[in-house]
Structures are given as structure tokens and as C-alpha cells.
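Topology and contacts: notes
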Amino acid sequence: MRLKFPLFTCVSFLLLSSCFGRFVVEKNSLKVASPDSLKGLHECAIGNFGVPQYGGTLVGSVFYPKSNQKACSNFQDVDLSFKTKPGGIPIFLLADRGDCYFTLKAWNAQNGGAAAILVADDRVEPLITMDTPEEEDARADYLQNITIPSALISKDLGDKIKKELSKGEMVSINLDWREALPHPDERVEYELWTNSNDECGPKCDSQLSFIRNFKGAAQILEQGGYTQFTPHYITWYCPEAFILSKQCKSQCINHGRYCAPDPEQDFSRGYDGKDVVEQNLRQACFFKVANESGKPWQWWDYVTDFSIRCPMKENKYTKECADKVIQSLGVDIKKIDECVGDTEADVENPILKAEQESQIGKGSRGDVTILPTLVVNNRQYRGKLDKGAVLKAICSGFEETTEPAICLTKDMETNECLYNNGGCWQDKAANITACRDTFRGRVCECPIVQGVKFTGDGYTHCEASGALRCEINNGGCWKGTKDGRTYSACIDDRTKGCKCPPGFKGDGDSCEDIDECKEKLACQCPECKCKNTWGSYECSCSSNALYIHEHDTCISKDASTEYSWSFVWVVFLGLAVAGVAGYALYKYRIRGNITDALMTFSSGIFPPRTEAYANSLGKKAVPRKNWGIPSIVVDHSIATFFAVSVHASYKIETALGA
């Protein structure tokens with residue numbers, strides 16, 4: 001007898017998450033624009049299928065059909081179509097909940113031409129997340145082809161919309177996903193909860209297809225430092241009462257601590273759940289080792305190559321095959337084996353223990369219960385796991401104006417600056433604009449061009465400021481060239497503003513020549529002749545006369561010559577007189593200084609001979625004339641001779657006892 005997986009799952013594996021899990025419903029904004037009785041903001045739950053327009057908005061008119069109101073049948077069968085003509089208003093189909101899968105309702109609405117589907121709840125309850133069916137569906141292939149966004153609205157709002165539509169009123173709605181994901185800064189942190197199992201049907205196929213298709217974009221973002229990616233793997237534990245059971249032993253490692261469902265949901269054939277856990281652990285360890293080496297983006301290469309080279313269908317889902325892939329990528333196998341550890345030992349594995357703890361929601365993020373699950377900036381992504389859809393979600397997580405170039409391609413968003421310059425300021429002559437394209441739309445922000453900062457409101461006015469501003473379109477100031485001369489109203493040493501140069505008048509944005517002759521601002525002497533020029537003037541005199549600009553006067557050329565020589569002689573004579581007077585003053589001061597110095601010197605060396613001095617020698621003082629230094633010395637040499645003579649006489653008299 002074959003034991004099916006769902007029974008065992010209900011007993012053990014889902015016990016942890018189902019009983020104690022906290023699931024968060026991700027929502028976006030719904031704004032009713034008309035009629036007035038319904039105007040306002042409402043919440044709606046984002047469906048976990050289709051393509052939500054993360055970072056954008058969608059405006060449409062609501063249509064509620066008279067038949068097939070639950071949208072469980074193809075609308076072509078009831079002869080209904082919602083397709084709009086080019087330029088027309090998109091149609092949002094309103095459908096009632098019940099009787100069929102949410103995904104089938106969306107598929108039928110999309111085939112009917114609807115731009116989005118709103119599902120009205122049939123009971124009064126908090127909003128729930130519309131998910132894809134768990135059971136295998138005969139037409140499961142359509143799930144991956146749903147591209148329109150979907151939303152669940154409350155029963156109350158649905159009833160009000162139906163009431164207004166029954167009156168013939170037009171109900172206009174704006175679906176807004178711009179704030180559905182946080183966008184705090186220039187780096188997006190996102191994680192993918194995935195599985196190495198490739199035998200779980202359409203979900204596994206779409207998951208592997210996404211990883212292969214998204215690998216290139218993911219590695220560009222990661223290598224550029226724009227994102228921080230982390231892969232995660234869901235595991236469950238086996239209840240203690242079942243640890244020794246055959247089921248736990250085949251689906252779990254480390255004595256029931258870490259378990260995964262049987263890949264084929266049949267314990268009698270193929271690989272076991274513990275094989276999946278071991279490969280999940282090996283992928284997690286590969287990321288850890290690659291991340292520590294500074295190359296976390298190699299995880300995408302490993303997972304992609306492993307899915308191609310080691311599929312379950314070819315019985316290559318083994319450690320030996322995984323090691324060959326690891327070796328081909330140049331990663332140390334020993335480090336990965338050390339990280340994996342002994343899966344048969346009764347011990348905890350640090351990597352898988354951390355994974356189980358991460359499954360529990362924190363803050364605004366709920367528990368991870370859906371596989372695969374993408375989390376962007378700690379908020380769970382809802383919608384189709386598709387390269388374009390996921391990239392849009394990641395791009396919406398960047399702070400506006402910090403998005404990388406990959407987010408601003410025409411396939412990702414509409415460049416609003418291409419239409420009427422986005423309503424922003426623009427200088428067509430210099431090809432400068434304040435419009436800056438962003439993933440969410442556009443911003444009007446005065447730019448920085450070649451290091452020159454423009455200031456203003458960005459909508460109606462921007463002007464260059466700071467140093468070098470005149471290099472950019474002349475700082476927005478007036479500039480003109482005529483007759484080989486160029487004048488500008490921009491001044492480099494001013495941070496902003498314009499000023500007309502000398503010879504011009506105006507506000508700086510426009511300047512015109514001043515007629516100095518007409519306005520009598522120059523060349524006003526009787527003999528002067530004035531001629532205005534662009535930006536200046538020319539002044540001349542009658543024949544045989546010379547114009548002196550500094551004095552605004554005319555003088556005769558001959559007179560000017562005589563005047564010039566007279567002036568030279570006066571200057572020369574003045575200099576001569578000044579030289580003689582200076583020399584006389586110099587001689588007088590020198591002679592006076594020498595006299596004072598000699599008198600001071602002699603008075604200290606040759607003291608006068610007094611009676612007290614003679615008595616000290618036992619002699620009588622002999623009066624003499626010219627005893628000492630004369631008070632006036634005519635010449636330095638004479639004074640010197642006289643001082644020496646007196647000193648010699650004094651010495652002789654002392655020696656003779658005079």
C-alpha cells in the first residue's frame with residue numbers, strides 16, 4: 001500500500017507552521033474617483049498570482065456583468081468582451097467570490113479583455129490573500145500565463161459598487177501599488193525562500209525557470225552593490241512522538257530536527273524528503289562560503305547548474321553530482337562539507353536552525369508559509385514569480401532617484417520626461433532639463449551639470465549658481481557679440497544673478513548699449529567730438545589737439561610739448577634743491593653728534609685737575625689754561641689731535657711730580 005504524503009504532512013510537518021503561524025495579508029491602495037458617494041481610499045488584498053504593478057498605478061472603470069458574475073466560465077461563451085479601443089479607459093472586471101478558484105476567475109477575466117479583476121468577498125471578514133490552488137488542476141498550465149493584476153475587496157465595498165452601477169453611474173477606480181513595498185534607501189534587501197526539489201509539479205518548474213531567467217539581472221544588481229540577496233530554505237521538524245517512525249527517518253535529518261516533504265509524495269519510490277533537506281543545506285552552505293569570499297552572486301550559478309546537471313529524473317540528485325558543480329565554480333568543497341556536518345548525528349545544525357528561526361515573521365513580515373516566497377525590504381511579494389514582475393518589485397524598493405539603470409529601461413517603466421518634459425523646467429538651447437525619470441514616475445529637480453549646481457523650484461525656474469556657472473549657457477545671463485567684441489552679464493565671482501557690464505544697461509537677462517554721447521555721460525568739453533560705439537564710446541578733438549581722457553579735455557599738441565618740457569625742468573630743479581638741502585642737514589647733524597660724543601668721552605677719561613686731586617698727590621695744584629677739552633670742536637681730526645695732546649701733557653706732568 002502506498003502512503004500518500006498529505007496525510008503525514010497534516011500530522012507532523014505542518015503542525016509547526018499551521019497551528020502557530022502568523023500570515024500577513026499584503027495590501028495595496030484602491031482609490032475611488034467617482035461617483036462622489038464612493039469617493040475615498042480603500043484597502044484591497046493583492047492576489048498571489050498575475051502581475052501586480054509594483055511601483056505604479058492603474059486607472060480603470062468597473063464593469064459588473066449581468067451573467068457569469070462569478071467569472072467561472074469563459075466570457076466568450078456568454079458573448080461578453082471587455083476589450084477597449086486604443087486610447088479608451090481600461091476595464092476592471094468585478095466578480096463575486098465562490099464556485100471556482102481565484103486563479104480561474106482571473107484567467108477568464110484576462111481572456112475577456114479586462115485590465116484587472118476585483119473579486120468581491122461573499123462574507124464579512126478581514127481581507128485574505130487569494131492564492132493558487134494546492135491540488136493539481138487539469139489546466140494548471142494557465143496559472144503561469146496570468147498577467148493581469150488581481151485584488152480582493154470587502155463585501156461592503158463590493159455591494160456599494162454594484163449599487164452605483166445598477167443606477168447607471170460610472171465607477172472609476174485607481175489601483176495604486178506605489179507604497180505596496182517599502183523604499184527607504186538606495187539599496188534593496190531581498191530574499192527568496194526556495195527549494196532544491198524539482199519534482200513538485202508546476203510550482204517547482206516555474207521556480208526553477210524563474211531562477212534561470214532572473215540570474216543575470218540578480219548578479220548585475222548584486223555586483224553593483226544595489227541589492228543584498230539572501231536565499232532561504234523552509235524546513236519543518238518531526239514531532240517527538242514520531243521521531244523513530246519510518247516516515248520521520250526517511251523525511252528528516254539530525255534525528256527529526258529538519259524535515260522536508262517527499263518529492264513525489266510517495267514514500268515507496270524515488271528520492272526521500274531527507275535527500276531534499278541535504279541538498280537544501282548544501283545550497284545554503286554554498287551561499288555562506290561564497291558570501292564569505294565576497295562573491296555571493298555565485299549562488300545563482302550553482303543553483304542553476306545543479307538543476308541542469310543533477311535532476312531527479314536522471315537519478316543525479318546526489319552529493320557526488322553537487323560536488324562536481326561546486327568544483328567547476330572554484331569553491332572549496334571542504335568548507336561546504338564542514339558547513340553541512342554530520343546529518344545522521346543527534347545534534348543541531350547552525351545553518352538549518354537559523355533557517356527555522358527566520359521562517360517566523362518579525363515586524364511587518366508574516367511567517368513564511370508559501371513556497372516559493374519572495375521578500376522585498378522585509379515585505380512579502382505577491383504575484384507571479386516572473387523575471388519582469390519581480391524586477392519591477394525590486395525596482396520599486398529603491399528610494400526615488402537612486403534606482404540603477406536596469407530599472408529605467410523602456411521594458412520596465414515609461415519615461416515620463418519624454419512627454420512635454422514631464423512638466424518640468426527646461427533650457428532647450430543648452431539641452432538642460434530639471435526632469436529626472438524614476439521608476440515610479442518623474443521628479444522635477446534642478447540638475448547639476450559639469451559640476452555646476454542649478455537652483456530653483458524645478459518646475460518653472462532653474463539657474464546656475466556657484467563657481468564656473470558662467471561656463472554653462474553663460475549662467476543664464478545675457479551675452480552678446482558685435483564688431484569683434486563680446487560682452488557678458490555673467491560674473492564668475494558671484495554665486496548667482498546677472499549684471500550688465502559697463503557700457504550697458506538692463507536687468508542682466510537682457511542688456512542694451514548705453515549711448516554715452518546722447519546721455520552726456522562722457523566727452524563733454526567744448527572742443528570734444530563724441531562718437532558712440534557698441535558697449536563704449538570714442539572721443540576726439542579738433543585738428544592739432546589732443547584729448548586727455550582723465551580730465552575730459554583737449555589741449556594743443558605744441559602746447560602740450562612746451563608744457564611737458566617745463567614740467568620736466570621744474571621737477572629736475574626741485575630734485576636738485578632737495579638734494580643740496582638734504583646734504584647740508586646731514587653734515588650738520590653728523591658734526592653735532594661727533595662733538596657730543598667726544599665731550600662725553602673726554603670727560604670720563606681726562607678728569608679736570610682740581611685742588612683735591614693735587615692734594616692727593618701731595619702737591620700743590622698748578623692752575624693752567626685750556627685744562628680739558630674745548631667746548632667746540634671745528635673738525636673731527638683737530639679734536640682728536642687736541643685730545644691726544646692734552647692726555648700726553650697730563651701724563652708728563654704726573655711723571656715729573658708737577
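Residues numbered from 1 in each chain as written. Predicted model: local features only at pLDDT ≥ 70, side-chain atom pairs only at ≥ 80, totals over all residues. Heavy atoms only, no water.

Secondary structure summary: the protein contains 15 helices and 28 strands in total. For the protein, the proportion of its 658 residues judged to be buried stands at 43%. If you sum the accessible surface of the protein, you get close to 35,900 Å²; carbon and sulfur atoms cover 54% of it. (Helix = DSSP H or I, 4+ residues; strand = E, 2+ residues; numbered from the N terminus. Buried < 20%, exposed > 50% of the residue type's maximum accessible area, 1.4 Å probe, protein only. Areas by Shrake-Rupley, 256 points an atom, 1.4 Å probe, with all protein chains shown as cover.)

Here the focus is the packing of helix α5 (residues 202-223) against helix α8 (residues 298-309). Look at α5 against α8: their axes get within 9 Å of each other, and the N-to-C directions meet at 150°. Our classification of the angle between α5 and α8 gives roughly antiparallel. In the crossing of α5 with α8, the sense of the turn from one axis to the other is left-handed. Residues L208, I211, R212, F214, K215, A218 and Q219 of α5 touch α8, and the partners they reach there are W299, W300, D301, V303, T304, S307 and I308. Of the residues belonging to the contact of α5 with α8, the class tally is eight nonpolar, three polar and three charged. (Axes fitted to C-alpha atoms, helices over the stretch in contact; angles between N-to-C directions. Parallel < 35°, antiparallel > 145°, perpendicular 65-115°, else oblique. Left-handed = near helix turned anticlockwise from the far one by under 90°. Contact = heavy atoms within 4.5 Å. Nonpolar A, V, L, I, M, F, W, Y, C, P; charged D, E, K, R; others polar.)

Bringing the packing of aromatic side chains into the picture now. As enumerated under the stated definition, the model contains 19 aromatic pairs in all. Ring geometry for F229 versus F287: centroids 6.5 Å apart, planes at 85°, classification edge-to-face. In this pair, F229 sits in strand β9 (residues 227-233) while F287 sits in helix α7 (residues 273-292), placing the two residues 58 residues apart along the sequence. For F229, a relative accessible area of 3% translates into the label buried. On the accessibility criterion, F287 (11% relative accessible area) is buried. A network of ring pairs unites the aromatic residues Y190, F210, F214, F229, F287, W299 and W300 as a single cluster. (Phe/Tyr/Trp six-rings, centres within 6.5 Å; stacked < 30°, edge-to-face > 60°.)

A word on the pattern of salt bridges. Enumeration according to the criterion identifies 22 salt bridges in this entry. Across the pair K155 and D159 runs a salt bridge whose closest N-O atoms are separated by 3.0 Å. In this pair, K155 and D159 are both assigned in helix α4 (residues 155-166), four residues apart and thus about one turn of the helix distant. Relative accessible area serves as the criterion here: at 36%, D159 is assigned to the partly exposed category. Residue E189 is joined to R187 by a salt bridge in which the shortest nitrogen-to-oxygen separation is 2.9 Å. Residue E189 is classed as partly exposed on the basis of its relative accessible area of 41%. (Salt bridge = Lys/Arg side-chain N within 4 Å of Asp/Glu carboxyl O.)

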